[in-house]
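# Structural overview for review
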Amino acid sequence: MTQFRVGLIGSGGISRTYMAAFQQVPEGEVVAVWSRQRENADRFAAEFEIGFATDRVEELLPQVDVVCVNSPNACHAQHAIAAAGAGKHVIVEKPLAVSLEEGRAIIDACAAAGVGLAYAEELPFVPKFERAREILESGALGEILYLTQREAHGGPYSPWFFTREEAGGGVLMDMACHAIELVRWVLGKPSVAKVTAHVANSLHRDKTELEDHSVIHLEFADGITATCEASWVLQGGMQSRLELWGTVGYLDVDLLHGRGLELYTHRGRPQHMAPPGWTMTLTDWVVENGYPQELSHFLQCFREGATPRESGSDGLVVLEILVAAYESAAVGRTIALP
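About the thresholds
- Counting restarts for each chain: residues are numbered from 1 in the order of the written sequence.
- A pLDDT threshold of at least 70 governs which residues receive local features in this predicted model, and a stricter bar of 80 or more applies before side-chain atom pairs are shown or counted, although totals over entire chains, interfaces and linings include all residues.
- Where side-chain values are given, they derive from all heavy atoms of the structure, hydrogens and water being excluded.
- Every definition here rests on a 1 Å grid over the protein atoms only: cavities are sets of points where a 1.4 Å probe fits but cannot get out, pockets are open sets enclosed by protein on both sides within 12 Å along at least five of seven lines, and lining residues have some atom within 4 Å of a point.
- Grid points are joined across faces, edges and corners, and a volume is the space filled by probe spheres set on the points.
- Secondary structure follows DSSP: runs of H or I at least 4 residues long count as helices, runs of E at least 2 residues long count as strands, and numbering of each begins at the N terminus.
- The residue classification treats Ala, Val, Leu, Ile, Met, Phe, Trp, Tyr, Cys and Pro as nonpolar and Asp, Glu, Lys and Arg as charged. All others, Gly included, are polar.
- By definition here, a helix of n residues has an expected span of 1.5 Å times n minus one.
- Only protein chains enter the accessibility calculation, which uses a 1.4 Å probe; a residue whose area is less than 20% of its type maximum is buried, one above 50% is exposed, and one in between is partly exposed.
- Contacts are residue-level and defined by heavy atoms, with any inter-residue pair within 4.5 Å sufficient.
- pLDDT is defined as a per-residue confidence score from the predictor, taking values between 0 and 100.
- The working definition used for a salt bridge is a side-chain nitrogen of Lys or Arg within 4 Å of a carboxyl oxygen of Asp or Glu.
- Pairing between strands is defined by DSSP: at least two bridges between them are needed.
- Orientation is described by axes fitted as lines to C-alpha atoms, over the contacting stretch for helices, and by angles from 0 to 180 degrees between their N-to-C directions.

## Concerning the layout of surface pockets
Computed from the structure, the largest pocket encloses a volume of approximately 880 Å³. What lines the largest pocket is a set of 34 residues, and nearest its centre among them are G13, I14, T17, E122 and Y291. Among the elements that line the lining of the largest pocket, the one with the most residues is helix α1 (residues 13-22), at five residues. Partitioned by chemical class, the residues of the lining of the largest pocket number 16 nonpolar, 13 polar and five charged. Put simply, the second largest pocket is a space of about 310 Å³.

Structure representation (structure tokens):
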């Protein structure tokens, strides 16, 4: 099987994560990297033994088959549309764009060019969260009533996250997008009917005017509710945690703190699941964040002409919820969708 030639648009932290992930992705090889500063591109290429480095996107595109748009949020539309126009498949990091208009433009450009488009939300590819969805679908929890999801740490690793011009927003854009899509995916992606949000800037006022803490309440059309908390104010590391409350069971999934997946249910389950009662399961750290699985899936979809599990349309739905959350926080009331 011929490998896809992959180009990274961006040389920051997420591109480093992609380099580690692609070591486990036989379908593709990173052959080119772009950065706004040529010296950064050269340094990244030398460190990871990449053959082509540039500060001009138009020079990168002829070298590759697939482009990973890992640039600052405000550049996503420009870079994704340029890649589509050159006939390249596109993987766009979260958020899809900084406005609904730009998000739709990305989707339209890829459709017009006949290229694949994937939305790089890795949490649905995390083994622990995939297991959580299996448990939910097995009926072990009964009818689902409520979900909570938290994505939190002490703040971004790069200064551009603190600027509206490049990030498009604060922690909502950076981390709430993860929480929103995870709860949507776990539930089978039902429609969101109402969004209520509160945001604050409590710890990073010296760095930014943007929000550093947020709480979003989602009401789905089927009556299930979810709370999504995203924060840059957590001290002592990072948390990524999902709770599912059901009529006969409760599931607590802790991705990052080594506690594994804790489950209680008094209902019988299929034999391939753990036995009734409290259980704990740990997974391999190398893949627990889902990046190799995500990228492998995307490249397979591009080869087969299939729609990825996380598509541009999913990214647009998340972006619409984020826009509604900003409006809700600004006006102090619940916003109905669409």
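## Considering helix α9 (residues 291-304)
With 14 residues, α9 should reach 20 Å at 1.5 Å per residue; the first-to-last C-alpha distance of 20 Å fits that figure. Burial in α9 covers these residues: Y291, P292, E294, L295, S296, F298, L299, C301 and F302. Of the surrounding elements, those touching the buried residues of α9 are β1 (4-9), α1, β2 (28-34), β4 (66-69), β5 (89-93) and β6 (117-120). Of the residues trailing α9, G305 is marked for its positive phi of about 70°.

## Points about the confidence of the model for the chain
Low pLDDT marks regions whose predicted coordinates should not be analysed in detail. When pLDDT is averaged along the chain, the result is 92, and 92% of the positions lie at 70 or above. pLDDT under 50 marks residues 268-282. Its contacts with residues more than four places away, or in other chains, come to 35 contacts.

## With respect to the pattern of salt bridges
In the structure shown here, the tally under the stated rule is 20 salt bridges. Residue E181 is joined to K189 by a salt bridge in which the shortest nitrogen-to-oxygen separation is 3.8 Å. What makes E181 buried here is its relative accessible area of 0%. Overall, the relative accessible area of 25% leaves K189 in the partly exposed class.

## What to know about the sheet that holds β5
Spatially, β3-β2-β1-β4-β5-β6 is the arrangement adopted by the six strands of the open sheet, whose pairing is parallel. The strands lining the two open edges of the sheet, one partner per strand, are β3 (52-54) and β6. Taking each pair of neighbouring strands and ignoring which way they run, the sheet shows an average axis angle of 25°. Judged from the four bridges that link them, β4 and β5 form a sheet pairing that is parallel. Among the inter-strand pairings, V66 is bridged to a residue of β5, identified as H89. Packed on one face of the sheet, helix α2 (residues 38-48) meets β1, β2 and β3 and runs near 160° to β3.

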